[in-house]
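Single-letter residue listing:
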Amino acid sequence: MDKQTIYQHFRSDESAIIDELSSLMTQAATEYRPILTEFLNPREVYIAQTLLNIESDLKMETDGLLQGAERQRALFYPEYYEPSEADFELSLIWIKYPTKFATLKHSQILGALTHLGLRRNLIGDIVTDGERWQFITAANMVNFLKIQVETVGKVKVHLEEVDKSEIVSPVDEWQGLQVTVSSLRLDTLIAGVYNLSRKHVKDLLSAGKVVLNWMDIEKPDVEVAEHDIVSVRGYGRFRLKALQGVSKKGKIRVELDVLKK
């Protein structure tokens, strides 16, 4: 199947990740060896699996260290190969800080990491049990991060690499939600999830406060697909878990996971 036909299966703004994943698959097939990606979000994992189904004899496994991890690295490999845990090159970092005198937030930790100029695809999930904070990263980033990260917000921290057996049991802050909407347009879904007017949603989009799969989006008519994650600054984020059919009045029933701010 040619590239133009493959592109038709996805949105136009996903062409860059399609090209990147296709290139890695080609490398794995040509060199007949396993090839590892950086961290992928759920939509990118879905795209990778779809590409494999369309045009490749390779296999794929994913791992994010944490069971049910949102962000995972994918390994493309030929049939002869048997993947091991070490192939995914993952490390667990514990953020040590004075828990009695300070608190941390997910956004602060992510901000401290990206402020270093790191691409988001070098960092996996950031998790907490309500007090302790940890994150997963590519193994080759550990030394750099331990040297560079001394504060999160105004809190002094110390990063320590620990064995995966010490990973915290994360608090599941996602809440299930079912809504009925007239379409899968981005503005329609945001309005339905947060009970906002379409005018307010349009203003949020114009102000650059909406992110779809970690990409800034201003177009209200972009269609949201299964496994997409939408972030709305000031409100939180949600992911489209599944489509549940169409009502007698032509409305679309959708199942969502919602994470409030």
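Residues numbered from 1 in each chain as written. Predicted model: local features only at pLDDT ≥ 70, side-chain atom pairs only at ≥ 80, totals over all residues. Heavy atoms only, no water.

Right, let's talk about the sheet that holds strand β1 (residues 35–40) for a bit. Sheet architecture is open: 3 strands sit in the order β1-β3-β2, paired in antiparallel fashion. Each edge of the sheet is formed by a strand with only one pairing partner; in this case those strands are β1 and β2 (59–63). The sheet shows a mean angle of 20 degrees between the axes of neighbouring strands, direction not considered. With 4 bridges joining them, β1 and strand β3 (residues 72–77) adopt antiparallel strand pairing. Bridge pairing in β3 places L40 opposite Q72. Along the sheet face, helix α2 (residues 15–31) touches β1 and β3 and points at about 160 degrees away from the line of β1. (Pairing = 2+ DSSP bridges. Helix = DSSP H or I, 4+ residues; strand = E, 2+ residues; numbered from the N terminus. Axes fitted to C-alpha atoms, helices over the stretch in contact; angles between N-to-C directions. Contact = heavy atoms within 4.5 Å.)

What follows is about helix α6 (residues 186–194). Across the 9 residues of α6, 8 count as buried, placing the element largely inside the fold. Every buried residue of α6 is accounted for by L186, D187, T188, L189, I190, A191, V193 and Y194. Contacts from the buried residues of α6 go to β10 (175–181), α7 (198–206), β11 (210–212), β13 (229–232), β14 (236–246) and β15 (252–260). Backbone geometry just after α6 places N195 at a positive phi near 55 degrees. (Buried < 20%, exposed > 50% of the residue type's maximum accessible area, 1.4 Å probe, protein only.)

Let's shift gears to the environment of G236. Among the secondary structure elements, G236 is positioned in strand β14. G236 sits in the buried class, given a relative accessible area of 15%.

So, on to the confidence of the model for the chain. Chain-level statistics for the chain give a pLDDT mean of 91 and a share of 97% at 70 or above. Mean pLDDT values over the elements of the chain span from 71, in helix α1 (residues 3–7), up to 98, in β3. (pLDDT = per-residue confidence, 0-100.)

Here the focus is the nonpolar core. Core analysis: the biggest nonpolar cluster contains 26 residues, and L186, I190, V210, V230, F238, V254 and L256 have the highest contact counts within it. Contributing elements (two or more residues each) for this core: β10, α6, α7, β11, β13, β14 and β15. Sorting elements by how many residues they give to this core places α6 first, with 6 residues. Those residues within four positions of V254 in sequence are excluded, and the remaining contacts are L177, Q178, V179, L184, L189, L240, A242, L243 and Q244. Core analysis: the next-biggest nonpolar cluster, separate from the first, contains 23 residues, Y97, L104, I109 and L159 among them. (Core = buried A, V, L, I, M, F, W, Y, C linked by side-chain atoms within 4.5 Å.)

This part is about the pattern of salt bridges. All chains considered together, the criterion is met by 14 salt bridges. With a closest N to O distance of 2.5 Å, R33 and E31 form a salt bridge. Of the residues examined, R33 reaches a relative accessible area of 36% and is grouped as partly exposed. Between E38 and R73 there is a salt bridge, and its shortest N-O distance comes to 3.2 Å. Of the two residues, E38 is situated in strand β1 and R73 in strand β3; the sequence distance between them amounts to 35 residues. E38 sits in the partly exposed class, given a relative accessible area of 24%. One connected set of salt bridges, linked through shared partners, spans E70, R237, R239 and D257. (Salt bridge = Lys/Arg side-chain N within 4 Å of Asp/Glu carboxyl O.)

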